[in-house]
Amino acid sequence: MNKLIKFLNQPYPVTANAWKNIATVTLLIFVILYFFQPFGIQYIERGKKTVILLGYAMVSALVMAFQYFLLPALFPRFYDEKHWTVGRHIFSSAVLLILIALSNILYGYVFHITWQHFNLSVFLSALAMVFIVGIFPITLTVILQQNMMLKKSLRESGLINELLTANGSLPSVPEHLQPLTLAGAGKDTLEIAAGQLLYMEAYGNYVKIHYLKNTLPACKILRATIRQMEDAVAEYPFMAKCHRAFLVNLNVVKHVDGNSQGYRLSLTGCEDEVPVSRAFTAAIKRKIEHPGT
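Residues numbered from 1 in each chain as written. Predicted model: local features only at pLDDT ≥ 70, side-chain atom pairs only at ≥ 80, totals over all residues. Heavy atoms only, no water.

**Q** Before we move on, can you summarise the sheet that holds strand β7 (residues 246–249) with the specific residues and values?
**A** Taken together, 5 strands build an open sheet; the order of strands is β5-β4-β3-β7-β6 and the sheet is antiparallel. Strands at the two margins of the open sheet, each flanked by one partner only, are β5 (216–222) and β6 (239–243). Averaged over all pairs of adjacent strands, the angle between their axes in this sheet comes to 20 degrees, without regard to strand direction. Inspection of the sheet shows strand β3 (residues 197–203) paired to β7 by 3 bridges, in the antiparallel sense. (Pairing = 2+ DSSP bridges. Helix = DSSP H or I, 4+ residues; strand = E, 2+ residues; numbered from the N terminus. Axes fitted to C-alpha atoms, helices over the stretch in contact; angles between N-to-C directions.)

Set out below in structure tokens:
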């Protein structure tokens, strides 16, 4: 049981290439309905069957779009990649199967395709069929993808750590780039030496700036966006965006750990770990390999 709980709590990448996934699953649903003909589809007139099955597939596509795009917008904290795990992904997939089953039943009922009466027995029967068809491939895919992404991240983070060890450290900050002024809305600003900056994190309508003050970690919150901070440090080549919500000073990276979501950076003078999402892994690796680019 402990091994299962540990596995379910492992990090898992939030769904990427959503439209590709939607298109793939939609095609799969159409093929399954066409060849296995559940839900009484075998009784539909031959000339109407293809159009009706396309309707089922499109309804399923709309449900998937709802889950991939609208639900994360409505519940951003639940879908935050920092907290996304294998267990949450399996739960989310199970919810998706329930919604697909329900939407397809309603589609058949509204257009008088299959059942003339919508009731609990019909729903449970359809739900059982959808789960039988979908839950095992989904679970197997989760396990395989999680292992594949974890091995890839561990391998690449190991290579980066070898670079960090071989290089000793990244180049120091040039003197003419040392002064750094970060401004928020109004008159709120932070003036620090650029070399003391650790990382910045989006925090709603604010940005949390983590830096060293007299060798101790400190934090200041400015009313600004992460994009504004990115523009503010654009001339500082050691500052890099590593996640949609994070900017990091690559000069203070001391160690890199990998998980299935990407990398996590350990920083000198700071106990926090900074995430690197999959979209930025190649760029971060390139910057560490070739400092100043």
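**Q** Explain the packing of helix α2 (residues 18–36) against helix α3 (residues 46–74) to me, and be specific about the residues and the numbers.
**A** The geometry of α2 relative to α3 is characterised by a closest axis approach of 9 Å and an angle of 150 degrees between their N-to-C directions. Our pair here, α2 against α3, has a crossing hand that is right-handed. When α2 is examined against α3, the residues A18, W19, N21, I22, V25, T26, I29, F30, L33 and Y34 are found in contact with a partner set consisting of T50, L53, L54, Y56, A57, S60, A61, M64, A65, Y68 and F69. Considering only residue class, the contact of α2 with α3 consists of 17 nonpolar, 4 polar and no charged. (Left-handed = near helix turned anticlockwise from the far one by under 90°. Contact = heavy atoms within 4.5 Å. Nonpolar A, V, L, I, M, F, W, Y, C, P; charged D, E, K, R; others polar.)

**Q** Requested: an account of the pattern of salt bridges, with residues and values cited.
**A** Enumeration according to the criterion identifies 3 salt bridges in this entry. We note a salt bridge from K241 to E230, for which the minimum N-O separation is 3.8 Å. One end of the pair, K241, is in strand β6; the other, E230, is in helix α6 (residues 226–232), and 11 residues separate them in sequence. K241 gets classed as partly exposed once you look at its relative accessible area, which sits at 24%. Judged by relative accessible area, which is 28%, E230 ranks as partly exposed. A salt bridge links R264 to E273, with the shortest nitrogen-to-oxygen separation between them at 3.3 Å. The class of R264 is partly exposed, set by a relative accessible area of 22%. (Salt bridge = Lys/Arg side-chain N within 4 Å of Asp/Glu carboxyl O. Buried < 20%, exposed > 50% of the residue type's maximum accessible area, 1.4 Å probe, protein only.)

**Q** Outline the nonpolar core, listing residues and values.
**A** Core analysis: the biggest nonpolar cluster contains 22 residues, and Y199, V248, L265, L267 and V274 have the highest contact counts within it. Those elements that place two or more of their residues in this core are α5 (120–167), β3, β6, β7, β8 (253–259), β9 (262–267), β10 (273–277) and α7 (281–289). Setting aside residues up to four positions removed in sequence, V274 forms contacts with Y199, C242, F246, V248, Y263, R264, L265 and L267. In terms of nonpolar packing, the next biggest core, distinct from the first, is built from 20 residues, L197, V207, I226 and Y236 among them. (Core = buried A, V, L, I, M, F, W, Y, C linked by side-chain atoms within 4.5 Å.)

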